[in-house]
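Geometric and topological summary
So the chains spell out like this:
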Amino acid sequence: MRIDNAAILLVLSAMVLLPLVESLLRATLGVGISGSDSIVQHLTLAVGMIGGAIGARENRLLALATGDMLPEGRLRDLGTIFSHGFAAAVTALLTVAGVQFVISERAAANEFVYGIPLWIVQSLLPLGFSAVTLGLSWHASQRWTGRALGVGLSVAIVACGALPPEHLVKPALLLLLLATAFGAPVFTTLGGAAVILFWGAGQPIASIPLDHYRLVTNPTLPTIPLFTLAGYFLAEGGASKRLIHVFHTLFGRLRGGPAIVTALVCAFFTSFTGASGVTILALGGLLMPILLSARYTEKTALGLLTGAGSLGLLFPPCLPLILYAIVARVEMQTMFLAGIIPGLLLVLLTAWWGIQQGPKVEATGAPFDFGAANRAVWDAKWELLLPVVALASMFGGFATMVEAAALTALYAFVIEAFVYRDLKLREVPRVTSECGLLVGGVLLILGVALGFTNYLIDAQIPMRLLDWVTASIHSPWVFLLLLNLFLLVVGCLMDIFSAIVVVVPLIVPLGEAFHIDPIHLGIVFLANLELGYLTPPVGMNLFLASYRFKKSLPEVYRAALPMMFVLLVGVLLITYIPALTTFLPSLFAR
């Protein structure tokens, strides 16, 4: 086992066990573990940096484009060298900024726990960025000459930081966009923009790792790796087959039954993994044959699976709901309640479209088989109880958010490894590595995006935007319509994680100015970005479906467009009927 894989296994195990031991001691003996909250928060930092290093090592950090989109030959090779060299220069500068941050924290002489200096733990930031730098440099080319060119480019870019920034900021930003178009990871785009803008303003870049540290050690952020880990245990076990069997026995005999099954199973999985990509990759191979055998056309099946991959993003405890609550500073439990009805609406619309596109005859003439349905539900009972475990522990008042997430992850592991025995213990390091890779990539994006956002705030961009919008628009309905159009553009150009950190601080003051409920605004925001996964040219689900089903991007575009318009109707209903969002939160507040 590689050292980084072993490290991520140990860190995630500690994140699961420590909150549960703390909760047990508190309930039985009335005592806790000193500093446990701080330890878990900094373990999240460790997951982020180690997972980011794994992603760089395997060349799987999230990017908006890839060099594979270019024809094979010298242009693709040069594009990869340029994008990875530029990205490595950005992470090298972030490493330097991280060292500066650690030096300043060392001078402050703050304590972590048990007499350990805080700066030692904070050193994970520059260590992680340096590991990512090495990974990016290695993957600049398959040849040593290409890697040398990439390293030379990185050194030249870093050296330019010593030059006066006058007249260099705009060319640097243009080169950054070019690197992004050739495949530089998303986090280096945002981090690079922050570095360039701070450099141009004559401000220290050490504030970027400081913002990264503050966000990643947020008290509620450990819920992200924990709930994601639970989703990965489900995906890697036999849960997908059992859940598909359950929904197939319940709805498979109806006209359009396979479409209903697809919508429900995808929503279930995405709500826990927090990533539509995991859902498409894990379930696509199982659901596509079912749809084709039910006489759906290949185009319809492709469009349905591409659209359904992101359906669970509004259901608790999905990762974007957690992130929005943290960034917008609203109550997380309220966001969880607010997303349920809008999420169900989008599932119903997807199922309705699937029914309309299905064969115009009954799927079978056989009566409903209660015995088969009961057996299927009984076989999958432990997995069907997973949302109950998660939500009951959160809303029951006997566990904190982090403890509920840890309990959910442990429950998923136990049922898959020891009850169903589909998850072999020897596979656990690989599963935790995959989970760490996803979480690390997300946390890298979030951390550097916050630095970019804080630059915008320092430049008073939100206040200027607020003044312009309030002077130009007077109706909240018009504002919401323009917001939807803006977010559709954002959703097709940015991934959902960076969009939350960058865009939410801009729109929250606007929502307040138009007296829009912040919870309603949040669900509108997330519903639009869910739709953004399907929006050409760079909606993430489009790329993943192209990869998973071996179809060209134009084929995927044509297949997904009908689903995009169906979900657009749902987004407009969510936008202009606030009760869909506010009903459950107001009901539970009574």
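As a reminder, the structure under discussion sits directly above these lines.
In this text the structure is predicted, and so the values were computed from the model without any measurement.

Let us now look at the packing of helix H14 (residues 298-308) against helix H27 (residues 553-576). Two elements in contact, H14 and H27, have axes separated by 8 Å at closest approach and are oriented at 60 degrees. Considered as vectors, H14 and H27 are oriented oblique to each other. Here H14 and H27 pass one another in a crossing that is right-handed. Facing Lys299, Leu302, Gly303, Leu304, Thr306 and Gly307 of H14, the residues of H27 in contact are Glu555, Val556, Arg558, Ala559, Ala560, Met563 and Leu567. When grouped by side-chain class, the residues that make up the contact of H14 with H27 number seven nonpolar, three polar and three charged.

With 194 residues, the main nonpolar core has Phe187, Phe269, Tyr324, Met335, Phe479 and Phe525 as its most contacted residues. The dominant element in this core, judged by the number of residues it contributes, is helix H21 (residues 428-458), at 16 residues. Among all residues touching Met335, those that are not within four sequence positions of it are Leu321, Tyr324, Ala325, Val330, Ile519, Gly522, Ile523 and Leu526.

Taken together, the side chains of Trp382, Leu385, Val388, Val414, Phe418, Val419 and Leu425 make up a nonpolar region of the molecular surface, amounting to roughly 600 Å² of accessible area. Ranked by residues supplied to the nonpolar patch, first place goes to helix H20 (residues 401-419) with three residues. Structurally, Val388 is set in helix H19 (residues 386-395).

What follows is about the packing of helix H1 (residues 3-28) against helix H2 (residues 36-57). Put simply, H1 and H2 touch, their axes get as near as 9 Å, and they point 155 degrees apart. Compared by their axis directions, H1 and H2 come out roughly antiparallel. The element H1 and its partner H2 pack so that their crossing is left-handed. When H1 is examined against H2, the residues Asp4, Asn5, Ala7, Ile8, Val11, Leu12, Ala14, Met15, Leu18, Pro19 and Glu22 are found in contact with a partner set consisting of Ser36, Ile39, Val40, Leu43, Thr44, Ala46, Val47, Ile50, Gly51, Ile54 and Arg57. Within the contact of H1 with H2, the residues separate by chemical class into 15 nonpolar, four polar and three charged.

With that settled, consider the side chain of Thr453. You can see Thr453 is positioned in helix H21. By relative accessible area, Thr453 is classed as buried at 2%. Among the polar contacts listed, one links the side chain of Thr453 to the backbone oxygen of Val501, at a separation of 2.9 Å.

Summed over all chains, the structure comprises 10 salt bridges. Between Glu403 and Arg26 there is a salt bridge whose closest N-O contact spans 3.0 Å. In this pair, Glu403 is assigned in helix H20 and Arg26 in helix H1, connecting sequence segments 377 residues apart. Taking relative accessible area as the criterion, Glu403 reaches 6% and is therefore assigned buried. Glu58 serves as the salt-bridge partner of Arg57, at 2.7 Å between the closest nitrogen and oxygen. Taking relative accessible area as the criterion, Arg57 reaches 23% and is therefore assigned partly exposed. Salt bridges sharing common partners tie together Asp4, Arg57, Glu58, Arg60 and Glu434.

Bringing unusual backbone geometry into the picture now. A negative phi holds for most residues other than glycine; trans holds for most peptide bonds. At the junction of Pro316 and Pro317, the peptide bond is cis and its omega measures out at 0 degrees in the coordinates. When you line up the elements, Pro317 lands in the loop between H14 and helix H15 (319-328). The residue Ala109 is not glycine, and still its phi comes out positive at about 60 degrees. Here Ala109 lies in the loop between helix H3 (74-108) and helix H4 (118-122). In this model, His515 sits at a positive phi of 55 degrees, which is unusual for a non-glycine residue. Relative to the helices and strands, His515 resides in the loop between helix H24 (496-513) and helix H25 (518-532). Exposure remark for His515: the relative accessible area of 75% places this residue in the exposed category.

So, about the side chain of Thr223. Along the chain, the position of Thr223 falls in helix H10 (residues 223-236). Overall, Thr223 belongs to the buried group, its relative accessible area being 0%.

The subject of this paragraph is the packing of aromatic side chains. Taken as a whole and assessed by the stated rule, the structure comprises 11 aromatic pairs. For the ring pair Phe82 and Phe182, a centre distance of 6.4 Å and an interplane angle of 85 degrees mean the geometry is edge-to-face. Taken together, the residues Phe82 in helix H3 and Phe182 in the loop between helix H7 (169-181) and helix H8 (186-200) connect sequence positions 100 residues apart. Overall, the relative accessible area of 16% leaves Phe82 in the buried class. One aromatic cluster is present, built from ring pairs that chain together Phe82, Phe86 and Phe182. In this arrangement the basic side chain of Arg106 is found over the ring face of Trp119, its NZ or CZ atom lying 4.6 Å from the centre. The aromatic ring of Trp144 is capped on one face by Arg147, whose charged end is 4.9 Å from the ring centroid.

About the thresholds
- Residues numbered from 1 in each chain as written.
- Predicted model: local features only at pLDDT ≥ 70, side-chain atom pairs only at ≥ 80, totals over all residues.
- Heavy atoms only, no water.
- Axes fitted to C-alpha atoms, helices over the stretch in contact; angles between N-to-C directions.
- Helix = DSSP H or I, 4+ residues; strand = E, 2+ residues; numbered from the N terminus.
- Parallel < 35°, antiparallel > 145°, perpendicular 65-115°, else oblique.
- Left-handed = near helix turned anticlockwise from the far one by under 90°.
- Contact = heavy atoms within 4.5 Å.
- Nonpolar A, V, L, I, M, F, W, Y, C, P; charged D, E, K, R; others polar.
- Core = buried A, V, L, I, M, F, W, Y, C linked by side-chain atoms within 4.5 Å.
- Buried < 20%, exposed > 50% of the residue type's maximum accessible area, 1.4 Å probe, protein only.
- Patch = residues over 30% accessible without salt bridge, like charges linked within 9 Å, V, L, I, M, F, W, Y side chains within 5 Å.
- Areas by Shrake-Rupley, 256 points an atom, 1.4 Å probe, with all protein chains shown as cover.
- Salt bridge = Lys/Arg side-chain N within 4 Å of Asp/Glu carboxyl O.
- Polar contact = N/O pair within 3.5 Å; in protein donor to acceptor, adjacent residues only side chain to side chain.
- Phe/Tyr/Trp six-rings, centres within 6.5 Å; stacked < 30°, edge-to-face > 60°.
- Lys NZ or Arg CZ within 6 Å of the ring centre and 35° of its normal.

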